[in-house]
Amino acid sequence: MGSPGGYVGDAETLLRRAIDVIFNAPTMPLSSSPRIDRDEIIELLDESLNRLPDELRQARWMLKERQEFVAKTRREADELLEAARVRAERMVQRTEVVRAAEQRARQVMETAEADSRRLKHETEDFLDQRLGSFEILLDKLSKTVHAGRQRLSIGGGEEEVAAVQADDDPTNAFFDQDI
């Protein structure tokens, strides 16, 4: 299928392709049952499952980058504070130098904390958006599979079929059968 190091969103693209293949599947001759290439669908779904960990790993990598940035900024702030302390001990006008260094260190810390909060929120928003789209996609796929299974069940009376047809999910249209 594709390379294992795909891009963020590849799993979603593959799942959408699987839905499209099922939706556009031709019908069996003299029947309204769809003819679906099982191997193709299994391959698309399997590849989607394989890509999900990569996409989650990329999101974790973003979180790690944020943590490293915060740690680096804190180290820099600590170094600035230490440098200010050393200079203050050497200088006669100790109080002025210390005040300036502490002010600068506070500014660096405030900037680092603000950047950290911003990166954290951006990462959380990204993860929430990805997980939300996966949830919607998987829910649609689940409904489609459930509707198909309902229609294929033997001895399922007309009431069940009518209940499934009442569902306004447009992906159910490819399961239409003559009742």
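Residues numbered from 1 in each chain as written. Predicted model: local features only at pLDDT ≥ 70, side-chain atom pairs only at ≥ 80, totals over all residues. Heavy atoms only, no water.

**Considering the overall build of the protein**
Along the backbone of the protein there are four helices and zero strands. Put simply, the protein runs from its N terminus to its C terminus through helices and strands in the order α-α-α-α. Accessible surface computed for the protein: about 12,700 Å², of which carbon and sulfur atoms make up 53%. (Helix = DSSP H or I, 4+ residues; strand = E, 2+ residues; numbered from the N terminus. Areas by Shrake-Rupley, 256 points an atom, 1.4 Å probe, with all protein chains shown as cover.)

**Examining the confidence of the model for the protein**
With 78% of its residues at a pLDDT of at least 70, the protein reaches an overall mean of 78. Mean pLDDT across the secondary structure elements of the protein bottoms out at helix H4 (residues 158-166), with 51, and peaks at helix H3 (residues 94-152), with 90. The low-confidence segment residues 171-179 (pLDDT under 50) makes 27 contacts with residues lying over four places distant or belonging to another chain. (pLDDT = per-residue confidence, 0-100. Contact = heavy atoms within 4.5 Å.)

**Details of a negative patch on the surface**
On the surface, a cluster of negative charge is contributed by Asp37, Asp39, Glu40, Glu43 and Asp46. By the secondary structure assignment, aspartate 46 is in helix H2 (residues 38-90). (Patch = residues over 30% accessible without salt bridge, like charges linked within 9 Å, V, L, I, M, F, W, Y side chains within 5 Å. Salt bridge = Lys/Arg side-chain N within 4 Å of Asp/Glu carboxyl O. Lys, Arg positive; Asp, Glu negative; His and termini not counted. Charge placed at Lys NZ, Arg CZ, Asp CG, Glu CD.)

**Focus: the nonpolar core**
Of all hydrophobic cores here, the largest spans five residues; its members are Leu14, Ala18, Ile22, Ile41 and Leu44. Those elements that place two or more of their residues in this core are helix H1 (10-23) and H2. Once residues lying within four places of it in the same chain are set aside, the contact partners of alanine 18 are Ile41, Leu44 and Leu45. (Core = buried A, V, L, I, M, F, W, Y, C linked by side-chain atoms within 4.5 Å. Buried < 20%, exposed > 50% of the residue type's maximum accessible area, 1.4 Å probe, protein only.)

**Comments concerning the environment of aspartate 54**
Mapped onto the secondary structure, aspartate 54 falls in helix H2. As for aspartate 54 and alanine 11, which are separated by 43 residues in sequence, their C-alpha atoms are 9.2 Å apart.

**What about the pattern of salt bridges?**
Applying the stated rule across the entire model yields five salt bridges. We note a salt bridge from lysine 72 to glutamate 76, for which the minimum N-O separation is 4.0 Å. Here the residue lysine 72 and the residue glutamate 76 both occupy positions in helix H2, the gap between them amounting to four residues, near one helical turn. According to the relative accessible area criterion, lysine 72 is partly exposed, its value standing at 46%. Given a relative accessible area of 37%, glutamate 76 falls into the partly exposed group. As a salt-bridge pair, lysine 143 and aspartate 139 come within 3.5 Å of each other at their nearest N and O atoms. In this pair, lysine 143 and aspartate 139 are both assigned in helix H3, four residues apart and thus about one turn of the helix distant. For lysine 143, a relative accessible area of 39% corresponds to the partly exposed category. For aspartate 139, a relative accessible area of 39% puts it in the partly exposed group.

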